[in-house]
Amino acid sequence: FINTDEDILSVITENGYFKISGPDTHICSIRDWHNAATFFETLDRKKKKSFKYEVRAFYNQFKFIKKTNPDESSVTRWYDMYLEVRKRNLDINTFALPEKFFSTILQNKCWEATVLVHNESGSEVAVVFSYISGETYVPTVIGMDYAYLQSHKIYKQTLFRLLERANQLGCKQVHMGFGASMEKRKLNCKPVAACSLVQMVDTFSAEFINNYSSITS
């Protein structure tokens, strides 16, 4: 949850949940630009330098396309790339999604899969599953081929292509999620404080620890 959702947070905490601060999420508002050139003009001097060398320098080496009805080999490729990201992402501890997710999720019209394709090799080097809710675009699951990560800056490239895709769909906001704050902020994404809500069902362990601490102290 975003910390500014006060009404929702109030209702849930009144029903036995307590709030725990989490890492910042990132939100990018789409306005005043229509393509890479006009987006570039919205950046400050330092961000322009980053964009020039990490995004624009490789832009024409890739295409970013929506994929529908993927075959089995594509799903396997996507899943392997997703596992590579998950293995390296130690900031947030998550359970692995099942491979079936990568084919069945596209049966829901609110979800789409987009892939970054390297023109010279024809290889799909990144895949993103995104949820579309009205005028909000939410990239949720990403997979990448790490052989291209540093040499072609594909993570930064993919982030910008997601902003372009949201713009094409007429979305006003892109929720970029947790992690990689520096890279996202270089693309004008704003960090937003977030939290989790937790309900303790069995309080015995907590009470035992508290009582034991009182005794020993």
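All values derive from a computational prediction rather than experimental measurement.

(A) Just the overall build of the chain, in detail. Scanning the chain for helices and strands turns up nine helices and nine strands. Looking at the chain as a whole, 38% of its 217 residues qualify as buried. Partitioning the contacts of the chain with sequence separation of at least 6, the portion at a separation of at least 24 is 70%. When the accessible surface of the chain is split by element, carbon and sulfur atoms take 52% of a total near 13,100 Å².

(B) Layout of a negative patch on the surface. A contiguous patch of negative charge, built from Asp71, Glu72, Asp80 and Glu99, is present on the exposed surface. Within the secondary structure, glutamate 99 sits in the loop between helix H4 (72-88) and helix H5 (101-104).

(C) Up close: the side chain of lysine 67. Here lysine 67 shows up in strand S3 (residues 62-67). Residue lysine 67 is classed as buried on the basis of its relative accessible area, which comes to 18%. Side chain to side chain, lysine 67 and glutamate 124 meet in a polar contact 2.6 Å long.

(D) Representation of the packing of aromatic side chains in the model. In the structure shown here, the tally under the stated rule is 16 aromatic pairs. Ring geometry for phenylalanine 39 against phenylalanine 160: centres 5.1 Å apart, planes inclined by 50°, an arrangement best described as tilted. Here phenylalanine 39 is found in helix H2 (residues 36-40), whereas its partner phenylalanine 160 is found in helix H7 (residues 154-168), with 121 residues between them in sequence. Put simply, the rings of Trp78, Tyr79, Tyr82, Phe101, Phe102, Trp111, Phe129 and Tyr131 touch in pairs and so form one group of aromatic residues. Its guanidinium or amino end placed over the ring of phenylalanine 40, arginine 56 lies 4.5 Å from that ring's centre, counting from NZ or CZ. The ring of tyrosine 146 is capped by arginine 88, whose NZ or CZ atom sits 4.0 Å from the centre of that ring.

(E) Focus on the pattern of salt bridges. This structure, assessed with the given rule, holds nine salt bridges. When the shortest N-O distance is used, the salt bridge between glutamate 124 and lysine 67 registers 2.6 Å. Of this pair, glutamate 124 sits in strand S5 (residues 124-133) while lysine 67 sits in strand S3, and the two are 57 residues apart along the sequence. Looking at glutamate 124, the relative accessible area reads 15%, which means it is buried.

(F) Looking closely at helix H3 (residues 45-54). Inspection of H3 places Lys47, Ser50, Phe51 and Glu54 among the buried residues, and these make up the whole buried set. Each buried residue of H3 sits inside an arc of 95° when the element is viewed along its axis, so together they form one side. Opposite its buried face, H3 presents the exposed residues Arg45, Lys49 and Tyr53, each directed more than 90 degrees away. Where H3 is buried, its residues touch H2, H7 and helix H8 (181-185). Measuring from the side-chain oxygen of the N-cap residue of H3 to the backbone nitrogen of lysine 46 gives 3.3 Å; that N-cap residue is aspartate 44.

(G) Expanded view of the nonpolar core. Within the largest apolar cluster, 32 residues are counted, with the highest numbers of intra-cluster contacts made by Phe39, Phe51, Ile154, Leu163 and Val174. Taken together, the elements giving at least two residues each to this core come down to H2, S3, S5, strand S6 (136-144) and H7. No other element matches H7, which puts seven residues into this core. Among residues more than four places away in sequence, those in contact with leucine 163 are Cys28, Ile30, Trp33, Phe39, Val174, Met176 and Leu187. With 17 residues, the next largest nonpolar core counts Tyr79, Tyr82, Leu106 and Val141 among its residues.

(H) Structural view of the state of the cysteines. Tallied over the entire structure, the rule returns zero disulfides. Of all cysteine sulfurs, the one in cysteine 189 lies closest to cysteine 28, which takes part in no disulfide; the gap is 4.2 Å. Here cysteine 28 falls in the buried class, since its relative accessible area comes to 2%. Among the residues examined, cysteine 189 registers a relative accessible area of 3% and is labelled buried.

Criteria and thresholds
- In this convention, every chain numbers its residues from 1, walking through the sequence in written order.
- Local features in this predicted model are restricted to residues whose pLDDT is 70 or higher, and side-chain atom pairs enter the listing and the counts only when it is 80 or higher, whereas totals over whole chains, interfaces and linings include all residues.
- To get the side-chain values, take all heavy atoms of the structure and skip hydrogens and water.
- A helix here means a DSSP run of H or I that spans at least four residues, while a strand means a run of E at least two residues long, and both kinds are numbered starting from the N terminus.
- The classification of residues rests on relative accessible area computed with a 1.4 Å probe and restricted to protein chains. Under 20% of the type maximum is buried, over 50% is exposed, and intermediate values are partly exposed.
- By definition in these notes, contact holds between two residues if any of their heavy atoms fall within 4.5 Å.
- Where accessible areas are quoted, they stem from the Shrake-Rupley method and a 1.4 Å probe; at the residue level, only the protein chains shown are allowed to cover.
- Like-charged residues are merged into a patch within 9 Å and nonpolar side chains (Val, Leu, Ile, Met, Phe, Trp, Tyr) within 5 Å, provided each residue has over 30% relative accessible area and no salt bridge.
- Put simply, a salt bridge is a Lys or Arg side-chain nitrogen that is within 4 Å of an Asp or Glu carboxyl oxygen.
- Here Asp and Glu are counted as negative and Lys and Arg as positive; His is not counted, and neither are the chain ends.
- A charge is said to be at NZ when it belongs to Lys, at CZ for Arg, at CG for Asp and at CD for Glu.
- Within 3.5 Å is the distance limit for a polar contact, defined as a pair of N or O atoms, with the added protein rule that one can donate a hydrogen and the other accept it, and that residues adjacent in sequence qualify only through two side-chain atoms.
- Pairing of aromatic rings covers Phe, Tyr and the six-membered ring of Trp, with a centre-to-centre limit of 6.5 Å; geometry is then stacked below 30 degrees between planes, edge-to-face above 60, and tilted otherwise.
- Think of it as a cone above the ring: NZ of Lys or CZ of Arg counts as a charge over the ring if it is within 6 Å of the ring centre and within 35 degrees of the ring normal.
- Directions pointing from the helix axis toward each C-beta atom define the arc.
- Residues belong to one nonpolar core when they are buried, are Ala, Val, Leu, Ile, Met, Phe, Trp, Tyr or Cys, and are joined through side-chain atoms within 4.5 Å.
- Throughout, a disulfide means two cysteine sulfur atoms within 2.5 Å of one another.

No statement about biological role is implied by the geometric values presented.
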